[in-house]
Amino acid sequence: MHSARAWLRAVLALLLCIVSGVALALDPARQVHEFTLTSWSMQDGMPHNYVHYIEQDAEGFLWIGTWEGAARFDGRRFEVFDKRTLPDIPLAGVRTLLPEADGGMLFGTSQHGVMRYSHGRWSVLQDTFEAKLRVVELLQAADGGLWIGCEDALYRRAPGGGLTRIESDLDPVNGMVLSMLELPDGGLLVGTLRGLFLWREGQPLRALNPRLGLPEDAVRILLRRRNGDLVMGDNHGAYVLDEGFTQARRFHEGQVEAAHEDRHGALWLMTAGKGLVRDLDGRQETIDATLGLKGRGGTGLFEDRQGLLWVGTTNGLYRIADGPVFGLDRARGLGDDYPRSILRRPDGSMLIGHATGLDRWQEGSIAPVDLAGRASSVLTLAPSRDGGIYVGTYDRGVLHYPADLNPDGVDVIDGTDGLRSQHVRAIAEVGEHGLFVGTSTGLAVFERGTMTQWLGSGQGMPGDFVRVLLPSRRGGLWIGGANGLAHRAADGTLKVWHSGTDFPAVSSFDLLEDADGTLWIGSDSGLLRLREDGGFSVYDHRTGLPNDSIFRVLDDGRGSLWLSSNRGAFRIAREQFTRIDAGERRRLIVDAFDYSDGMPSSQCNGGNAQAGDFDARGRLWVPTATGVAVIDPDASLAQSHDAVKVKIEGVQLDRKAMLPDNLIVVQPDVRRVTIHYAGLDFRAPLRIRYRYRMIGYDRDWVEAGDAAEAVYTNLPGGHLRFEVQAAMSPVDWDDAGLKAGFASVEFEAIPPFWLRPWFMLLEALALLGLFALVLRWRAGRYRRRQERLHRTIEQRTRELSAKNAALEQAGRERETLLRQLEQQATHDALTGLPNRRAGDLRLAAAFEEAAACGQPLCVALGDIDHFKRVNDEHGHDIGDALLRYIAQTLADREIPLGGYVTRHGGEEFLFVLPNADLAQATQRMESLIAHLANTPLQHDRAGELRVTMSAGVAQWTSGISGNRLIAAADRALYRAKREGRNRVVAEEH
């Protein structure tokens with residue numbers, strides 16, 4: 001079984017390699033508007049915008065020649081070589097490049113001859129430098145020598161060196177050599193400013209224009225095609241020459257700057273001012289400024305090993321690719337650059353609704369669809385059961401087209417039909433006669449052409465703004481909107497999930513239902529999965545999604561879901577979601593596509609139904625902020641399985657650059673080691689993912705994502721090995737069958753002297769001696785500290801004892817003061833009896849106790865008779881003395897257990913008599929009054945003063961408050977006053 005699986009994997013890998021190999025070259029079946037253009041300029045790190053020449057070296061790096069030097073390109077970064085980076089090499093005005101068989105690269109300059117780069121080292125071809133050759137073109141000779149076309153003449157350099165000037169009757173001005181082509185018989189065709197010339201050994205240059213019947217003109221192109229045709233290009237056009245150089249057949253008119261035949265046999269011509277022309281079997285197509293190719297072209301026209309076409313112009317470097325993604329916009333025929341909805345028709349055509357109307361794409365051509373005579377912004381598209389389509393607009397409601405899209409047959413559904421909003425975001429047919437229209441203010445339900453119901457938040461919907469409608473496989477309708485999710489059953493009942501409560505997002509943007517009833521929801525909080533048990537699974541940035549706002553969810557029928565977002569489109573295998581739910585994975589492996597892959601914009605449009613669809617070829621069409629992105633899953637799968645060649649570009653020790661081809665010694669004073677690496681895939685360099693490790697330092701691989709740099713500080717001493725792997729996204733590094741490129745570089749880190757063995761031994765001995773000295777010093781110090789501590793403790797003990805005594809005295813004084821304050825707060829200052837405030841508190845407590853125990857309780861108010869007369873006749877000091885005397889007399893008399901007397905105010909006293917009924921309390925008060933009347937006050941000045949007291953008694957019963965009880969006693973007191981004083985009156989209550 002295992003061997004069979006291994007065999008199957010091998011076969012699949014071989015098939016993928018075959019598919020990948022086919023996909024490398026520009027697809028001849030594609031029209032040029034389906035190719036993607038990517039550009040670079042000085043803002044991206046180029047030394048100059050005018051690209052003269054383009055070549056690829058043996059390692060796979062791309063080189064460009066410009067007026068300000070040369071640059072090596074890895075797909076993401078330009079490494080510039082000019083006067084600043086190469087102060088000893090006069091590399092400027094690079095007009096031509098030539099790869100050498102040994103892996104080197106020659107650079108023809110406009111003033112200083114030819115320079116050479118080989119394995120990281122630069123040199124000058126000395127004889128060309130001394131001759132100050134102004135080089136225009138280089139050509140490798142069959143004998144290993146070099147043909148050098150210059151501004152003034154043609155030169156030949158022998159394999160071992162030595163220059164020979166080819167004799168010619170051309171003057172220096174017209175002798176500029178623009179192009180060269182070596183013939184099978186050893187001859188050389190030379191294109192100059194004055195036309196085409198032929199050179200043969202031992203003969204001067206011979207003009208061919210007269211024989212060809214062509215005027216003298218600048219010949220910039222000489223090319224031998226695979227079918228044997230000899231192509232020449234000048235200021236008037238491109239020609240096919242016969243072998244005898246007697247006839248010239250023109251097949252393209254206009255000035256031609258460069259030419260290249262790709263591996264499929266298509267001829268590419270860079271023209272002057274008319275863009276880049278592809279001639280395939282006589283059919284010509286143009287890529288010009290309308291498709292993004294700007295600037296005047298030069299001789300920079302090159303096809304790399306992946307089949308990508310590179311173009312150099314006065315505006316920079318361009319890459320023409322037929323990758324898995326291309327875009328449609330206004331330059332490619334789209335009516336507007338802001339599409340919103342896309343729908344595939346049964347005939348294979350694609351309808352594209354955009355900000356100004358509706359377009360139809362069919363077999364590569366785009367034509368507008370008449371919106372019933374008036375332009376409108378199209379928000380949504382939906383098929384109808386009669387073969388036609390529904391078009392939802394921003395301000396015109398719904399347009400229903402017949403199957404042939406004839407505008408004369410359009411039916412309009414708007415306010416006259418009951419539609420409360422013309423802003424339509426979603427349309428769906430359910431059943432044989434039901435039509436649902438989702439708007440910005442609610443959901444309209446039509447039955448047989450008549451609106452029968454309007455659903456909004458007032459009718460139980462989660463909100464009014466409807467974004468998406470999806471007929472359920474099991475009947476009914478799924479409804480997604482700005483505030484949650486709802487399901488309307490066939491009988492009209494609603495089940496609602498509200499945002500903020502039972503729905504784990506705010507808005508629903510798109511819906512997809514599986515056959516088993518599982519619902520996938522594109523939301524502003526990621527991709528949601530609503531299972532049959534009613535639970536939600538959430539997949540967002542925490543599980544590896546590049547963006548949480550998901551606008552479109554589609555199933556490609558191959559086991560993957562496609563999602564659109566503000567950061568491009570994503571493909572994710574379904575089994576990954578199942579593995580995450582089962583706890584077998586923590587993060588999703590996402591195949592992401594964005595602007596760097598050829599999408600017009602990474603920002604996809606959504607928030608309305610049908611924001612993307614698959615065409616008849618299985619390609620995904622997604623509306624974006626600047627056009628429609630078309631993604632080919634087959635091409636992306638082939639691309640993602642390609643092995644990526646990875647190279648270590650350079651190593652920096654602090655700021656010193658080192659060549660990575662030898663053992664790199666890291667001295668002890670180096671603090672920072674920076675390693676630059678690159679995966680050499682020019683079709684999709686931003687999709688390359690890396691991981692690296694430093695063996696001897698890193699415990700495991702470090703996943704670097706798309707970062708092409710590793711930085712280390714404080715490397716340990718010894719032999720180290722840096723390894724890096726590269727693979728195309730999506731990457732599962734745990735996959736044993738993953739194709740990953742590999743590169744490595746060796747390091748020898750010299751440890752500082754303090755980490756070397758002899759120093760460490762001396763350091764250990766010194767530390768031991770120092771440790772012994774420290775121990776001895778610390779022991780003596782400890783003894784001295786103990787003695788000082790003992791003396792300090794004795795002194796502090798004495799001080800603390802004195803402070804404790806003082807604190808104890810202060811505590812006693814404080815307690816006395818508190819008792820005095822408490823006495824003053826609760827007792828009358830004159831009589832020493834409890835004051836009225838204290839009496840009220842004790843009376844309340846007496847009430848609670850009486851209520852709890854069920855015991856009787858009485859109170860009495862006593863008032864001194866004729867007390868005012870005492871004050872008037874004897875003075876207030878005698879009155880105060882009398883009050884103190886009476887208070888003392890009353891306090892000395894025996895009051896029932898728990899009872900007490902307080903000064904109630906002035907000459908009034910309150911008596912509380914617990915455990916006494918009215919009769920007992922009255923008897924007790926009569927005894928107190930009688931004793932007071934028989935006990936006069938003896939005073940030095942007033943003599944003998946006899947006083948009497950009147951009292952009123954009241955008994956407490958349940959439900960009577962203290963104030964009412966005292967009021968009753970007060971009434972009884974006044975009765976005692978009226979009845980003659982010196983008596984007790986009881987108040988029945």
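Up top is the structure these notes are about.
Thresholds applied
Residues numbered from 1 in each chain as written. Predicted model: local features only at pLDDT ≥ 70, side-chain atom pairs only at ≥ 80, totals over all residues. Heavy atoms only, no water. Salt bridge = Lys/Arg side-chain N within 4 Å of Asp/Glu carboxyl O. Buried < 20%, exposed > 50% of the residue type's maximum accessible area, 1.4 Å probe, protein only. Helix = DSSP H or I, 4+ residues; strand = E, 2+ residues; numbered from the N terminus. Contact = heavy atoms within 4.5 Å. Core = buried A, V, L, I, M, F, W, Y, C linked by side-chain atoms within 4.5 Å. Polar contact = N/O pair within 3.5 Å; in protein donor to acceptor, adjacent residues only side chain to side chain. Pairing = 2+ DSSP bridges. Axes fitted to C-alpha atoms, helices over the stretch in contact; angles between N-to-C directions. Expected span 1.5 Å × (residues − 1).

Observations regarding the pattern of salt bridges
Side chains carrying opposite charge are able to pair once their charged atoms draw close together.
Here is step 1 of the chain: Taken as a whole and assessed by the stated rule, the structure comprises 55 salt bridges.
Here is step 2 of the chain: Residue Glu285 pairs with Arg278 through a salt bridge whose shortest N-O separation is 2.8 Å.
Here is step 3 of the chain: On the basis of relative accessibility, which here comes to 2%, the residue Arg278 falls in the buried class.
Here is step 4 of the chain: We note a salt bridge from Glu987 to Arg971, for which the minimum N-O separation is 3.9 Å. Of the two residues, Glu987 is situated in strand 72 (residues 984-987) and Arg971 in helix 11 (residues 962-978); the sequence distance between them amounts to 16 residues.
Here is step 5 of the chain: The class for Glu987 is buried, based on a relative accessible area of 15%.
Here is step 6 of the chain: Arg971 sits in the partly exposed class, given a relative accessible area of 41%.
Here is step 7 of the chain: By sharing partners, the salt bridges in this structure join Arg571, Asp591, Asp597 and Arg687 into a single network.

Things to note about the side chain of Asp329
Here is step 1 of the chain: You can see Asp329 is positioned in the loop between strand 29 (325-328) and strand 30 (339-344).
Here is step 2 of the chain: Accessibility expressed as a relative area gives 17% for Asp329, which makes it buried.
Here is step 3 of the chain: Ignoring any residue separated from it by four or fewer positions in sequence, one finds Asp329 in contact with Leu334, Asp337 and Thr626.

A short note on the nonpolar core
Here is step 1 of the chain: Residues Ile886, Phe909, Phe911, Met925 and Met949 are the most contacted members of the largest nonpolar core, which totals 31 residues.
Here is step 2 of the chain: Going through the elements one at a time, strand 66 (857-864), helix 8 (867-874), helix 9 (876-892), strand 68 (908-914), helix 10 (918-933) and strand 71 (949-955) are the ones with two or more residues in this core.
Here is step 3 of the chain: It is helix 9 that provides the largest number of residues to this core, a total of seven residues.
Here is step 4 of the chain: Ignoring anything within four residues of it in the chain, the contact list for Phe911 reads Cys858, Val859, Ala860, Gly862, Leu890, Tyr900, Val901, Met925, Leu928 and Met949.
Here is step 5 of the chain: Ile664, Leu715, Phe747 and Ala749 belong to the second largest nonpolar core, which has 29 residues in total.

Here we look at the environment of Arg721
Here is step 1 of the chain: Take Arg721: it is sitting in strand 64 (residues 718-728).
Here is step 2 of the chain: Spatially, the C-alpha atoms of Arg721 and Asn49 are 39 Å apart, while their sequence positions differ by 672 residues.
Here is step 3 of the chain: Apart from residues lying up to four places away in sequence, Arg721 is in contact with Arg693, Met694, Ile695, Phe742, Ser744, Val745 and Glu746.
Here is step 4 of the chain: For Arg721, the side chain forms a polar contact with the side chain of Ser744, separated by 3.1 Å.
Here is step 5 of the chain: Of the polar contacts made by the side chain of Arg721, one reaches the side chain of Glu746; its length is 2.4 Å.

Details of the sheet that holds strand 19 (residues 230-234)
Here is step 1 of the chain: Taken together, four strands build an open sheet; the order of strands is 18-19-20-21 and the sheet is antiparallel. The sheet is open, and its two borders are formed by strand 18 (221-224) and strand 21 (248-253), each paired with just one other strand. Looking at each pair of strands side by side, their axes are set apart by 25° on average, direction ignored.
Here is step 2 of the chain: Here strand 20 (residues 237-241) runs beside strand 21; their pairing, made up of five bridges, is antiparallel. Looking at strand 21, one finds that Gly237 is bridged to Glu253.

Let's talk about helix 10
Here is step 1 of the chain: With 16 residues, helix 10 should cover 22 Å at 1.5 Å per step; its first-to-last C-alpha distance of 22 Å lies within 8% of that length.
Here is step 2 of the chain: The complete set of buried residues in helix 10 reads Leu918, Ala921, Thr922, Arg924, Met925, Leu928, Ile929, Leu932 and Ala933.

Here we look at the pairing of strand 6 (residues 94-99)
Here is step 1 of the chain: With five of six residues buried, strand 6 is to be regarded as a mostly interior element.
Here is step 2 of the chain: As consecutive antiparallel partners, strand 6 and strand 7 (residues 105-109) are separated by five residues, and within that stretch Gly103 has a phi angle of approximately 100°, a positive value.

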